[in-house]
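In case you want the letters, here they are:
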Amino acid sequence: MKKESWSWGGIPKASHQVVNLRWRTDTINFAGFTASCLPYGLGRSYGDVPINDEGILVRTTALDRVIAFDAETGVLHCEAGISLGDILRVVVPRGWFLPVTPGTQFVTLGGAIANDVHGKNHHCAGTFGCHVLGFELLRSSGEKLWCTPTEHADYFAATIAGLGLTGLILTAKIQLTKIAANKIDVNNQAFNGLDEGLDLFEQHEDTTYTVAWVDCLTRGAQLGRGIFSGGEFSQTESRKNLATKRLAVPLDFPSFSLNKYSVQAFNNLYFANGKRKSGRGVTDYEPFFYPLDKVHAWNRIYGRKGFYQYQCCVPFGEANEGREAIREMLNQISLSGNASFLAVLKVFGDKQSPGMLSFPEKGITLALDFPNWGDKTQRLFDRLDAIVREQNGKNYPAKDACMKAADFQQQYPQWEAFAKFIDPKFSSSFWRRVTQENA
Amino acid sequence: MNVLILGATSAIAQAVARQFLLSATTPVKFVLVGRNDDKLALIAEDLIGRSATAAHVQVQDLTQLDAMDACISRAWETLGSIDVALIAHGTLPEQREIEKSWELTEQALRENALSHMALMEALALRMEAIKRGTIAVIGSVAGDRGRQSNYIYGAAKGATAIYAQGLRNRLTKSGVHLLTIKPGFVDTPMTESIAKKGLLWASPEQVAQDIVKAVQKKRNVIYTPGFWWLIMTIVKSVPEFIFKKLSM
Ligand SMILES: Cc1cc2nc3c(=O)[nH]c(=O)nc-3n(C[C@H](O)[C@H](O)[C@H](O)COP(=O)(O)OP(=O)(O)OC[C@H]3O[C@@H](n4cnc5c(N)ncnc54)[C@H](O)[C@@H]3O)c2cc1C
């Protein structure tokens, strides 16, 4: 296969042999594989979690069939390659919604489970894995395990957030959430600093969906200014599924178009606009949950060199050390001048995921985009890593291409217990990277 | 709405069936015809999950020309009547291999032309009698002009298109609608062995949207994606004395 960029951030470049899985009844000849394999969904992970350089990717996106949908109970059983967007097209008109959704609908059901994704409602609903009722796991031995919290419970726990390493999820059953309408009542509020922003999260603990955008180029008192957004599904009946028009980014942008000044201009505009539009309103669910999906392939604005995401979470700490840590990170970013277009702040709740390697933990999470400026970016990450380390925080594998093996092993102490569930034929670039050096 | 899909396991057919459900304003019932019982069952399940009120499976080898009338008659009985029939089966033979064998050439013509004609005829008879219905048949841009790289496939698709054109002429007075669909490159299992690059390749979903829209608007002939109309207009207008020298 010619394609080089297999992940959303375009880093690292890798080459693969691709096997398409078209029918869940087909048998895969694992024995005939001459290299290790890894399931591949829609490639919406930023780093090397969906990458298996020099190996085989088993593409799952043709496994996109519904198996059963009970519109009374909201239990949906699908093949694992169906996209969340496709699920929504089927269930929203009948009054149901995903229990948890990431910021894009172009991810597969299998990918959502394998990364145990979180959404704007983590403090209310936990991760995606908390709503999985069961799944069928295909091992390279040909064995198919139906895993639930009680059947093959160990594989259930290992596969949720299992990064595609425990086998291939063929089908999965999830519990959906009832909705009365496809509209969201939103409440946007501009805040002038990090503390003010985090206080807003506290005040809105009972709001189902909360998130904040942060401007990380400001300094001093304005450090961490941003726009907080809270939302609830409307109670007014209207389930019409609106088709939204998509814009496309047809080519890679020249990389000089993204610099400190253009991002600063963008941030100023965005902040001013958010401030102007502060207050309550009603919106369709798509722009609320998936603001970036309107611009197809927006990752290309970062050009051929690609870009990184950096997402971490840190606990609040007894004396608000968590806040200080986030403040220090924003400070470092601002000082470095390495511009992040999209900085997203959220507070995670304490709902435990069944997944062994699940990322979210009660505390504050920050997610940032950085254009790839080589060493300069790496040096910034080193500084951010140090803060995360000190705070006993974590990095999110789905968005990572840089974390050190020692950090991963520290942050995910269950990694060795997990390793026992890895299928002998499966591997990934990520896994090799974070386990090859022992802590 | 009662929909019959012939060659229901093809990627385009699956996408069209789903698109009918997405755009339908009335309940949709399906009969799905194909060779593979297991795969048809998976598709039926999917369509039911996506809100179809019924999805019946009918196993049939669509190259058995003598059986086509009975096949349509059975589907007609199952549904009560048929509003839309999509003829979507087909194969992409390897030109270099089959040009050496009449047996394989004949088979390719049966799979991509004769069976389509037999099905169109059987459907036309019944729809003419009730004076309504739509027959949609999938041809190809390859049928617009013969090229050395796939003229057997092209001849079959061209034959289907001409047959459909004549039949449309006959059906007009009874109000029956016949749509000829000419897709360009579509990313499906059928084209898996071809290296896919560039902007010319479309997804089955894109093509399905065009097809369902064309059924609703009672179009006669469509190219999908639409830009193929322009490409084929140019390709067809190249004089033969030049065209024959091109390596296409
Ligand atoms: C714009 C944008 C916003 C995002 N927002 C969020 C967010 O808010 N929260 C969040 O948590 N994440 C977010 N993400 C990340 C994204 O949700 C995850 O990376 C998701 O897992 C991607 O799914 P995918 O289908 O593209 O999987 P891929 O990236 O293709 O694969 C991801 C992992 O899943 C495994 N996998 C895929 N299919 C299967 C299967 N059938 N069986 C077993 N393993 C499988 C792969 O092996 C790989 O390890 C965002 C990404 C983007 C691009």
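Cut-offs applied
Residues numbered from 1 in each chain as written. Chains lettered and ligands numbered in written order. Predicted model: local features only at pLDDT ≥ 70, side-chain atom pairs only at ≥ 80, totals over all residues. Heavy atoms only, no water. Helix = DSSP H or I, 4+ residues; strand = E, 2+ residues; numbered from the N terminus. Rg over C-alpha atoms; globule rule 2.2 N^0.38 Å. Buried < 20%, exposed > 50% of the residue type's maximum accessible area, 1.4 Å probe, protein only. Areas by Shrake-Rupley, 256 points an atom, 1.4 Å probe, with all protein chains shown as cover. Lys, Arg positive; Asp, Glu negative; His and termini not counted. Charge placed at Lys NZ, Arg CZ, Asp CG, Glu CD. Polar contact = N/O pair within 3.5 Å; in protein donor to acceptor, adjacent residues only side chain to side chain. Contact = heavy atoms within 4.5 Å. Patch = residues over 30% accessible without salt bridge, like charges linked within 9 Å, V, L, I, M, F, W, Y side chains within 5 Å. Salt bridge = Lys/Arg side-chain N within 4 Å of Asp/Glu carboxyl O. Axes fitted to C-alpha atoms, helices over the stretch in contact; angles between N-to-C directions. Parallel < 35°, antiparallel > 145°, perpendicular 65-115°, else oblique. Left-handed = near helix turned anticlockwise from the far one by under 90°. Nonpolar A, V, L, I, M, F, W, Y, C, P; charged D, E, K, R; others polar. pLDDT = per-residue confidence, 0-100.

**Student:** So what about the overall build of chain A? Which residues, and what values?
**Tutor:** Across its full length, chain A carries 12 helices and 20 strands. Compactness check: chain A gives a C-alpha radius of gyration of 21 Å against a globular reference of 22 Å for 439 residues, within 12% of the reference. In chain A, which comprises 439 residues, the share counted as buried stands at 59%. If you sum the accessible surface of chain A, you get close to 17,700 Å²; carbon and sulfur atoms cover 52% of it. Charged side chains in chain A number 47 positive and 45 negative. The centres of these two groups are separated by 8 Å.

**Student:** Quick one: what's the story with the side chain of R24 of chain A, residue by residue and with numbers?
**Tutor:** By secondary structure assignment, the location of R24 of chain A is in the loop between β1 (17-20) and β2 (37-40). A distance of 2.6 Å separates polar atoms of two side chains, one belonging to R24 of chain A and the other to E79 of chain A. Side-chain polar atoms of R24 of chain A contact the side chain of E45 of chain B, separated by 2.9 Å.

**Student:** Kindly report on the environment of N121 of chain A, identifying the contributing residues and their values.
**Tutor:** Positionally, N121 of chain A belongs in the loop between α2 (109-114) and α3 (122-125). Those residues within four positions of N121 of chain A in sequence are excluded, and the remaining contacts are P99, V100, G126, T208, Y209 and K346 of chain A.

**Student:** Could you give an account of a nonpolar patch on the surface, with specific residues and numbers?
**Tutor:** A surface patch of nonpolar side chains, amounting to about 350 Å² of accessible area, comprises F241, I242, L246 and M248 of chain B. Tracing the backbone through its elements, the reader meets M248 of chain B in the segment after α9 (240-243).

**Student:** Mind laying out the packing of helix α5 (residues 102-130) of chain B against helix α6 (residues 151-171) of chain B, listing which residues take part and the relevant values?
**Tutor:** Residue and element names in this part refer to chain B. Taken N-terminus to C-terminus, the directions of α5 and α6 make an angle of 15 degrees; their axes are 8 Å apart at the nearest point. With respect to each other, α5 and α6 are oriented roughly parallel. At the point where α5 passes α6, the crossing takes the right-handed sense. In contact with T105, A108, L109, N112, A113, H116, M117, M120, E121, A124, L125 and E128 of α5, α6 contributes I152, Y153, A156, K157, A159, T160, Y163, A164, L167, R170 and L171. Taken together, the residues that form the contact of α5 with α6 break down as 15 nonpolar, 4 polar and 4 charged.

**Student:** Kindly report on the pattern of salt bridges, identifying the contributing residues and their values.
**Tutor:** Residue and element names in this part refer to chain A. Scanning the model with the defined rule gives 30 salt bridges over all chains in all. Measuring nitrogen to oxygen at the nearest pair gives 2.6 Å for the salt bridge that ties E79 to R24. Pair noted here: E79 is in strand β5 (residues 75-79) and R24 is in the loop between β1 and β2, with a separation of 55 residues, a long-range link. The exposure class of E79 is buried, given its relative accessible area of 0%. A salt bridge links D423 to R139; the nearest nitrogen and oxygen atoms lie 3.6 Å apart.

**Student:** Account for the packing of helix α5 (residues 194-203) of chain A against helix α8 (residues 321-336) of chain A, with residues named and values stated.
**Tutor:** All names here are of chain A. α8 packs onto α5 with a crossing angle of 135 degrees between their chain directions and a minimal axis gap of 11 Å. It follows from the interaxial angle that α5 and α8 lie oblique. Both α5 and α8 take part in a crossing whose hand is right-handed. Along its contact with α5, which presents L194, D195, L198, D199 and E202, the element α8 presents R323, I326, R327 and L330. Considering only residue class, the contact of α5 with α8 consists of 4 nonpolar, no polar and 5 charged.

**Student:** Account for the confidence of the model for chain A, with residues named and values stated.
**Tutor:** Looking at chain A as a whole, the pLDDT averages 90, with 93% of positions reaching at least 70. In this model residues 241-245 of chain A is a low-confidence stretch, pLDDT under 50, and it forms 12 contacts with partners more than four residues away in sequence or in other chains.

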